Amino acid sequence: MQMILNELSARFPVGTMEKGRQLMNHFLATCFEVKEIIHNDSILLDQDYRSFELAPEYRIEQWRNDSAVDVESKRRFRTLLNKSVVYNSEEFEKEWEWNFRAEFQHKEYVSKGCLLAYETDGVAVSFLSDEYWKISEIEGTYTELVEDGELRESKAKIPNVSFDENVRIFQKWYEQRKEELRYTDIVCGQDILNCANRIFPNLVFCESAVQGCRKNVGIAEAGQVYRRLLELQRAAEKIDEKFDKNILTNATPESGVTLDRFTEEHTFLLPEGETQLFSWHVRYTGGYAGRIFFHPVPRKKIIYIGHIGHKLPTVRFH
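Residues numbered from 1 in each chain as written. Predicted model: local features only at pLDDT ≥ 70, side-chain atom pairs only at ≥ 80, totals over all residues. Heavy atoms only, no water.

(A) View of the pairing of strand β10 (residues 151–161). In terms of strand pairing, strand β8 (residues 123–125) meets β10 through 2 bridges, oriented parallel. Paired with Val-125 across the bridge in β10 is Val-161. Bridge count for strand β9 (residues 137–145) against β10 is 9 bridges, and the pairing is antiparallel. Paired with Tyr-142 across the bridge in β10 is Ser-154. (Pairing = 2+ DSSP bridges. Helix = DSSP H or I, 4+ residues; strand = E, 2+ residues; numbered from the N terminus.)

Put into structure tokens, the structure is as follows:
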């Protein structure tokens, strides 16, 4: 699971220096409590927080040199920045292959952070800039452009953390969610492989996917990879005469240009000994932006898994 900053809560400057100090302490303590729950210390931010006005005439640079600020808070802030990625950037859209085609609207505000949290099954982390952000869930409307060019709206909600109380609520939600999704004991790629025959009977893992799962899936990725595979298993069970991508979360095909240019990189050996070009993929996050490439075979009600791990080269990223 991934932490994503809810930028709607980032309302700066706050009223006073003291409030700025309290705000940062709450935020950093919250991030590190959540880190211990989800075993992932990376965070997606809306901007580079190395420089901004925390309070009137009190910039974050001054906060970092303020003797009144706890040394541990300063260390946590430095660690957080080192583990952060800015999602409002061209680099993010290129690196993560994210084009923000959908929207998440909370009240009258559109939020990219909440959209990312919803689409990656992440958790929103909010600055406690207002009592309002003590809410444990952020509700909104998710709007996406479907294949026929129409806009489809649906109700959506994501977990939100900002201080001790809603962190505890999130922890209970997270433990229940793990139980529901049956990955309580999944902490690495090998754990996924150990239960594959039992949990994913309609998924056929190519050797490249097996090796990728062992090598690339650690504690930060395991839960989300497991969930994506569970979604693929359920999709395989429902396959009729053709594959319907709408039963999956953000399943997309690779572009023809990419497949022409990087055919070898997207071709994998099936267990039967034949090779297959893989185009369909789903995303996951963790310590990196990951991909699971798959190839559905409707007549057999199976889905081949060709690759689990880092992104494959594309015309935009290579």
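Continuing now.
(B) Layout of the sheet that holds strand β12 (residues 252–253). If you trace the 5 strands from one edge of the open sheet to the other, you get β11-β17-β16-β15-β12, paired in mixed fashion. The open sheet is flanked by β11 (203–205) and β12, the only strands paired with a single partner. Pairing of strand β16 (residues 290–297) with strand β17 (residues 302–310), which is carried by 8 bridges, proceeds in the antiparallel orientation. Note on β17: the bridge partner recorded for Arg-291 is Gly-309. Strand contacts of helix α9 (residues 207–216): β11 and β17, with the helix running at about 40° to β17, the strand carrying the most contacts. In the packing of helix α10 (residues 222–238) onto the sheet, the strands contacted are β11, β15 (280–284), β16 and β17, and the crossing angle to β17 comes to about 160°. (Contact = heavy atoms within 4.5 Å. Axes fitted to C-alpha atoms, helices over the stretch in contact; angles between N-to-C directions.)

(C) Inspection of the packing of aromatic side chains at higher detail. Following the criterion strictly, the structure yields 18 aromatic pairs and no others. Between the aromatic rings of Trp-63 and Phe-77, the centroid separation amounts to 5.4 Å while the plane-to-plane angle is 75°, which identifies the pairing as edge-to-face. Highlighted residues: Trp-63 in helix α2 (residues 60–64) and Phe-77 in helix α3 (residues 71–82), separated in sequence by 14 residues. Among the aromatic residues, those joined into a ring-pair cluster are Phe-12, Phe-27, Tyr-49, Phe-52 and Phe-127. (Phe/Tyr/Trp six-rings, centres within 6.5 Å; stacked < 30°, edge-to-face > 60°.)

(D) Main features of the sheet that holds strand β2 (residues 43–45). On the basis of which strands lie adjacent, the open sheet formed by 8 strands has the order β5-β2-β1-β8-β10-β9-β6-β7 and mixed pairing. Strands at the two margins of the open sheet, each flanked by one partner only, are β5 (84–86) and β7 (109–110). Note: strand β6 (residues 103–106) against β9, 3 bridges, orientation antiparallel. Across the sheet, the residue bridging to Gln-105 is Thr-141, located in β9.

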